[in-house]
Amino acid sequence: MSRYSAAEIETKWQEAWDKAGLFQAKLDRSKPKYYVLEMFPYPSGRIHMGHVRNYTMGDVIARYKLSTGHNVLHPMGWDAFGMPAENAAMAIGGHPKDWTYSNIADMRAQMKPLGLSIDWSREFATCDPEYYGQQQALFIDMLDAGLVARKNAVVNWDPVDMTVLANEQVIDGKGWRSGAEVERRELTQWFFKISDMADELLSALDTLDNWPAKVRLMQENWIGKSRGLQMAFQPVQDFDPIEVYTTRPDTLMGAAFVGISPDHPLAKTLAETRPEVEEFRALCRKGGTTEEALETAEKLGFDTGLTVRHPLNPDWHLPVWIANFILMDYGTGAIFGCPAHDQRDLDFVRKYDLPVISTFESLSDPQPVEATAYVPPKEEKVKWINHFAGLDVATGQEAIDATIDFAEAQGWGKGVTKFRLRDWGLSRQRYWGCPIPVVHCADCGVVPEKKENLPVKLPDDVTFDVPGNPLDRHPTWRDVPCPVCAKPARRETDTMDTFVDSSWYFARFTAPRAETPTVMEDADYWMNVDQYIGGIEHAILHLLYSRFFARAMHITGHLPAKCAEPFDALFTQGMVTHEIYQTRDDKGRPVYHLPEDVVDGKLKDGTPVEVIPSAKMSKSKKNVVDPVNIIRDFGADTARWFVLSDSPPERDVEWTASGAEAAAKFLARVWRMANDLGEQRDSGIAASLDEVMASHAFGQNAADDELLRTTHKMIDEVTKGIESFGFNAAIARIYAFTNALNRSQASARIKWAATRVLAQLMSPMTPHLAEEVWAILGGEGLVAAAAWPKADPAMLVDDSVTLPIQINGKRRAEISVPADMAAAEVEKLILEVDAVQKALEGATPRKIIVVPGRIVNVVV
RNA sequence: GCGGGCGUGGCGGAAUGGUAGACGCAGCGGAUUCAAAAUCCGCCGUCCGGAAGGAUAUGUCGGUUCGAGUCCGACCGCCCGUACCA
């Protein structure tokens with residue numbers, strides 16, 4: 001007999017699928033539709049195991065849904081704009097466009113051998129003018145609908161290269177190329193007004209039942225709805241009152257100072273006349289813009305010398321400080337500091353020697369505040385020692401509510417709801433992105449480009465030899481007539497954030513060649529995405545932006561109302577990890593080695609390597625396994641089987657060479673089993689499970705009966721596994737099924753039918769092998785097109801169950817009883833069991849708990 | 001710093017609050033073979049015991065419960081995000 005040859009089989013069946021046009025999605029209202037989408041890749045040029053895992057999961061769902069009678073849409077495209085293409089142009093020359101399209105061609109060629117059930121006829125890249133032109137049309141519609149605004153935003157400024165840097169280009173507060181200390185600088189930018197939808201985006205999270213709870217929670221915290229008190233501190237000297245927003249107004253009697261942001265209007269005014277204020281403001285501007293950098297930076301303060309009156313006691317004067325940790329973006333850009341009940345404020349006053357006044361203390365353990373602020377949960381009752389609304393014992397939340405009521409009644413403050421969510425700044429000072437289709441005219445102001453002039457195409461004649469945005473210095477592209485008055489004007493040279501590209505691609509897939517962003521009929525049929533699959537790293541930004549865009553596209557008439565939440569179900573999969581192999585050079589610096597160069601813990605020259613625990617596969621650590629090599633050595637089915645088998649899909653999976661070999665061995669075993677059976681074809685045993693069930697007389701042959709029962713149970717369990725994303729569990733059941741099939745003494749006819757079911761159950765995961773087995777066993781047509789097997793519920797129930805017997809919670813014995821035995825009967829029966837009698841020593845049990853079908857616990 | 005998640009044998013992991021370790025890998029023993037590869041069968045958390053059996057065990061500490069890997073609290077470690085990486 002010949003051996004299992006993945007290469008031969010896989011090419012053959014991929015051609016058969018192509019020929020049958022099985023995966024080309026066509027609008028067909030006679031069938032239920034199913035739209036499965038994996039987050040599309042950035043075209044780096046090489047696929048990696050993370051891609052294989054992501055797309056295999058989607059493929060399992062797509063193929064399974066196809067076999068359950070759905071009209072499946074499973075498209076693929078490329079998230080093709082972004083910085084790496086420009087970095088490559090700078091590093092190795094060439095043009096971002098050539099680099100990107102050549103990467104796309106390479107990656108497509110690497111993906112095709114995986115045998116994914118993708119409708120490649122819908123493929124597009126976001127850098128195609130046909131795509132970004134429609135994105136520009138969307139932008140103009142959103143501008144018209146009032147969903148876009150222009151205002152200032154803070155960016156990372158490299159004072160040497162004179163360019164804006166991305167956060168990842170700021171390393172330890174310094175520019176990655178120049179090494180210069182980065183500053184924060186304000187720039188006028190375009191914004192999507194996502195914060196107008198904050199409340200809607202928050203409340204609609206409740207409808208996303210098929211999203212992971214953790215993602216909904218992360219989005220909820222990100223949007224950050226809070227209710228607090230807004231009030232003014234009146235000036236003692238001659239300046240405007242300071243508006244302050246606080247979520248803890250109950251601690252007002254503990255105020256030690258009023259703090260304002262370095263960007264607060266008052267700070268700016270003071271800086272105009274006082275150089276030391278400007279000096280401090282400059283100090284605060286140092287470093288990058290990330291929240292992490294701002295929050296972990298050393299807390300700095302500057303005493304303005306000004307004072308304000310406490311709202312409850314005009315004779316109580318509080319100092320006004322400028323502090324670097326107060327953000328102009330949130331609230332009013334000013335706070336009052338209560339060091340006793342806020343750790344950050346406490347650290348600040350300890351540094352600058354300001355007073356600490358407690359407003360409440362613990363009921364159980366009152367302690368003066370020393371190094372640690374007392375911050376109990378808002379739901380905990382505390383004793384109030386310094387309050388004005390007559391509180392004694394109350395929770396923080398009760399005190400907050402009482403304070404707001406009190407302030408409103410007295411008229412010195414009002415309850416206000418605020419959101420942490422900021423507007424989405426979409427301007428990027430970069431070339432390789434979608435041009436923002438507006439023109440700046442001296443007379444008409446900022447005007448949108450005419451739609452008939454779209455797409456505003458990126459010019460090809462650009463160079464990357466100087467830092468900065470080549471569009472900004474392009475000789476002709478920039479200069480255009482004003483679309484309104486036709487006078488000379490200047491094109492906007494900023495391009496869009498690449499998150500814009502990925503915020504509506506899922507809608508574009510429903511009509512990828514249309515001359516409008518979407519086509520209502522297609523969008524109405526295919527949307528929403530029934531199952532979206534991608535990495536947890538996109539839990540907040542990409543998904544929140546997409547939710548905003550879906551709403552914006554409805555407002556602008558590009559999506560039906562039902563698409564407000566575009567992803568019905570979301571699944572977040574884990575990473576593929578690998579051990580890291582390291583040696584050291586003569587200076588003791590680490591040198592990393594590819595897994596394929598390490599055999600039995602040694603390099604080829606015999607040098608032993610140090611094994612570092614698994615981490616996400618990355619080029620820099622060289623702990624990468626190239627899917628292309630795995631497919632070459634073992635076949636696509638092995639790669640697919642492995643990435644699904646060893647770990648739950650939401651968790652990381654560790655790639656191991658032995659695991660991949662084991663997967664290959666198992667697939668070869670299934671292939672042999674089918675071939676062994678296939679050789680008995682002449683004896684006329686070819687049969688489907690339905691045919692066998694129709695003619696089988698139970699009670700004649702125990703082995704036959706058992707295998708049939710097992711087959712039905714396996715159909716049930718594997719189906720449930722696939723439907724619940726329990727791919728690893730489904731595969732464990734398939735292993736068990738294969739073992740049972742191998743050992744079974746059932747007749748060849750029954751085994752034949754069972755093996756054909758095995759092929760069907762494996763077909764979403766290992767589609768090529770499944771086709772081969774299906775064909776050997778005389779299955780009709782393609783297994784990919786065959787109807788999914790159905791389990792007979794009558795075959796799933798067992799007559800008797802084994803109940804473990806616990807005594808005081810510890811398992812001491814077990815008993816086999818009829819499955820439907822009443823609890824009272826079971827109770828009687830277990831009292832006869834030796835172990836129970838021994839434990840009771842003649843006494844009556846204190847309690848007997850019978851969980852029908854599960855367990856019995858006797859408490860003595 | 002803040003928000004979210006994860007932690008179970010030598011390893012990957014299984015387990016609607018109900019027999020912890022399914023299934024797989026590695027390892028050990030055996031069959032087959034002149035030999036090997038491949039394949040097949042068996043054993044396999046740790047400790048005590050010849051066995052039967054017992055003790056112990058799900059990062060650490062505490063709590064809820066007849067019963068906790070699972071629920072609650074604190075801590076430790078790792079991972080993701082932190083608004084210009086995608």
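Figured I'd write up the structure that's included with this text. All values derive from a computational prediction rather than experimental measurement. (Residues numbered from 1 in each chain as written. Chains lettered and ligands numbered in written order. Predicted model: local features only at pLDDT ≥ 70, side-chain atom pairs only at ≥ 80, totals over all residues. Heavy atoms only, no water.)

### Observations regarding the overall build of chain A
Step number 1: The secondary structure content of chain A amounts to 26 helices and 34 strands.
Step number 2: With the C-alpha coordinates aligned to their principal axes, the bounding extent of chain A is approximately 105 × 85 × 65 Å.
Step number 3: Taking all 860 residues of chain A together, the buried fraction comes to 53%.
Step number 4: For chain A, contacts bridging at least 24 residues in sequence account for 72% of all contacts bridging at least 6.
Step number 5: For chain A, the exposed area adds up to about 38600 Å²; of that, 50% sits on carbon and sulfur atoms. (Helix = DSSP H or I, 4+ residues; strand = E, 2+ residues; numbered from the N terminus. Buried < 20%, exposed > 50% of the residue type's maximum accessible area, 1.4 Å probe, protein only. Contact = heavy atoms within 4.5 Å. Areas by Shrake-Rupley, 256 points an atom, 1.4 Å probe, with all protein chains shown as cover.)

### A word on the sheet that holds strand 23 (residues 488–491)
Step number 1: Here four strands make up an open sheet; going across it, the order is 21-20-23-22 and the pairing antiparallel. Strand pairing shows two members of the sheet lacking a second neighbour, strand 21 (445–448) and strand 22 (479–481), which therefore form its edges. Pairs of neighbouring strands in the sheet enclose a mean axial angle of 40°, with direction left out of account.
Step number 2: For strand 20 (residues 438–441) and strand 23, the ladder comprises two bridges, and the chain directions are antiparallel. Counterpart to V439 in the pairing with strand 23 is R491. (Pairing = 2+ DSSP bridges. Axes fitted to C-alpha atoms, helices over the stretch in contact; angles between N-to-C directions.)

### A short note on the packing of helix 23 (residues 748–762) against helix 24 (residues 767–776)
Step number 1: At their nearest, the axes of helix 23 and helix 24 sit 8 Å apart, and the two run at 155° to each other. The orientation of helix 23 relative to helix 24 falls into the category roughly antiparallel. Helix-helix and strand crossings are classified by hand; for helix 23 and helix 24 the assignment is left-handed. Mapping the contact onto sequence places W752, T755, R756, A759, Q760 and M762 in helix 23 and P767, L769, A770, V773, W774 and I776 in helix 24.
Step number 2: Residues of the contact of helix 23 with helix 24, tallied by class, amount to nine nonpolar, two polar and one charged. (Parallel < 35°, antiparallel > 145°, perpendicular 65-115°, else oblique. Left-handed = near helix turned anticlockwise from the far one by under 90°. Nonpolar A, V, L, I, M, F, W, Y, C, P; charged D, E, K, R; others polar.)

### Notes on the protein's contact with RNA strand B
Step number 1: Around RNA strand B, a shell composed of 65 residues is seen, among which D79, N167, E291, R430 and N857 lie nearest.
Step number 2: Sugar plus phosphate, as a fraction of atoms of RNA strand B within 4 Å of the protein: 65%.
Step number 3: Contact distances for RNA strand B include 2.8 Å between a sugar or linking oxygen and a side-chain N or O atom of D79.
Step number 4: Separating a phosphate oxygen of RNA strand B from a side-chain N or O atom of N728 is a distance of 3.2 Å.
Step number 5: Among the elements that line the surface near RNA strand B, the one with the most residues is helix 22 (residues 727–743), at six residues. (Near = heavy atom within 4 Å. Polar contact = N/O pair within 3.5 Å; in protein donor to acceptor, adjacent residues only side chain to side chain.)

Functional significance is not addressed by these values, which are geometric in nature.
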